[in-house]
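Residue-level structural notes
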Amino acid sequence: MTRDRSFLRDNSLTLVFGAGFLLTLAGQAIAGHADFNNQLTAEELHPVSFGGYLLSADFAVDVTENWQSEYLQFFLYIFGTVWLLQRGSPESKQLHKAGPESDAEQKVGQYAKPDSPRWAAAQGARQAWYARSLGTLMCTLFLLSWLAQSVTGVAAYNEQHLRELQAPISWFDYLGAADFWSRTLQNWQSELLAVGSMAIFSVYLRQRGSPESKPVGASHEATGVEG
Amino acid sequence: MRAMRSGLLAAALLGALTACGNLDAREDGAAGAASRFEASLRATDTVRSCAALAPGTRDELEQTAELPCARALPEAGLPPAEKVRTVDVYGRQARVVTDKDTLFLSAFPGGWKITAAGCTARPEKPYQCLIKGG
């Protein structure tokens, strides 16, 4: 196997989902542009170019409202599964391991291995930060995406309001507006549904070969076992 | 991969800066269009006033009055204003509040056009306007 083919195979999960993301984002832009222009045309206003739509608040809010909920989902999942358990689920850790676990189990500080990340072997703040870096990044991306949703959301909301001959509102007013919370909560509920159903379905159902599933022959009682 | 990430970041920053930099220009454009419309009303230059209207607004005015725009517009009773007080621009839509009137505008290839004028605010409802699109 050549080095290039090996790289593609070894990173296929990230590459395929990354490419899928770009393709679907492009599809969303094309469909969103057509929908936006349909509204403008119906109101006898001039349609916007594709490039103009990509820079519009309408497109930005539709993108960021989904981003924030996805990052929230992963933040809650990463953080929540430290403590929350589901008997029989491969998404859960073993039932006696609830909590941050011992240094030995986590291979940090004096228990770090030669191939452990350097900051896992470090002491103090660096180790504490690195030990929470995945959740911290997801939480940061969630907060930034949610902030971006609110900023682009108020612009899109006000643009539509002006088309409907209504007064624009401030960013602070928008944070309490039904539009902001409708966009936010419709995404949160779907993410929580997906996580909750995955946790319980994976107790009883299997997907052969997937690390998200238990081995096909594993007991329904087996917890924290990945296939 | 790093070059691609840097390119995407630069494109996002450029887009944000372009959007911010354009805001002042768009506000000036909307305010200028409103001022020129008000000046044409004061001068009773109906040709210029009608040319400043968005196509949908002009059509609605003519159909409602059953008159050509140049004759229908003076009968609409728009209050000619002197000064622009505030301008709000979001995307391709704008609201311009003058000393005597509130106007709504939309961006067209030839510049900002008036979509509604003679507008009065109503609590919890859209503005009530003397002229507007259909």
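Presented here is a report on the structure given in the accompanying data block. (Residues numbered from 1 in each chain as written. Chains lettered and ligands numbered in written order. Predicted model: local features only at pLDDT ≥ 70, side-chain atom pairs only at ≥ 80, totals over all residues. Heavy atoms only, no water.)

1. With respect to the overall build of chain A
In terms of regular secondary structure, chain A is built from ten helices and zero strands. Of the regular secondary structure in chain A, the N- to C-terminal order runs α-α-α-α-α-α-α-α-α-α. Compactness check: chain A gives a C-alpha radius of gyration of 23 Å against a globular reference of 17 Å for 227 residues, more than 25% above the reference. A burial count over chain A gives 33% of its 227 residues as buried. Within chain A, contacts between residues separated by at least 24 positions form 50% of all contacts whose residues are at least 6 apart in sequence. A total of about 14000 Å² of accessible surface is found on chain A, and carbon and sulfur atoms cover 63% of it. In chain A, 16 positive and 22 negative side-chain charges are present, and the distance between their average locations comes to 18 Å. (Helix = DSSP H or I, 4+ residues; strand = E, 2+ residues; numbered from the N terminus. Rg over C-alpha atoms; globule rule 2.2 N^0.38 Å. Buried < 20%, exposed > 50% of the residue type's maximum accessible area, 1.4 Å probe, protein only. Contact = heavy atoms within 4.5 Å. Areas by Shrake-Rupley, 256 points an atom, 1.4 Å probe, with all protein chains shown as cover. Lys, Arg positive; Asp, Glu negative; His and termini not counted. Charge placed at Lys NZ, Arg CZ, Asp CG, Glu CD.)

2. Here we look at the pattern of salt bridges
Residues and elements named next belong to chain A. Following the criterion strictly, the structure yields ten salt bridges over all chains and no others. Across the salt bridge formed by Arg183 and Glu65, the nearest N and O atoms sit 2.5 Å from each other. Of the two residues, Arg183 sits in helix α10 (residues 178-204) while Glu65 sits in helix α4 (residues 57-83), which places them 118 residues apart along the sequence. Of the residues examined, Arg183 reaches a relative accessible area of 16% and is grouped as buried. Residue Glu65 is classed as buried on the basis of its relative accessible area, which comes to 8%. Among the salt bridges present, the one from Arg183 reaches Asp179, with a minimum N-O distance of 3.4 Å. Within this pair, Arg183 and its partner Asp179 are both found in helix α10, separated by four residues, close to a single helical turn. (Salt bridge = Lys/Arg side-chain N within 4 Å of Asp/Glu carboxyl O.)

3. Notes on the sheet that holds strand β3 (residues 102-108) of chain B
All names here are of chain B. With respect to topology, five strands assemble into an open sheet ordered β1-β2-β3-β4-β5, the strand pairing being antiparallel. Strands at the two margins of the open sheet, each flanked by one partner only, are β1 (84-90) and β5 (125-132). Strand-to-strand twist across the sheet, computed as the mean angle between neighbouring axes with direction ignored, equals 30°. Pairing analysis gives five bridges linking strand β2 (residues 93-98) to β3, with the strands arranged antiparallel. When the bridges of β3 are listed, Arg95 appears paired with Phe104. (Pairing = 2+ DSSP bridges. Axes fitted to C-alpha atoms, helices over the stretch in contact; angles between N-to-C directions.)

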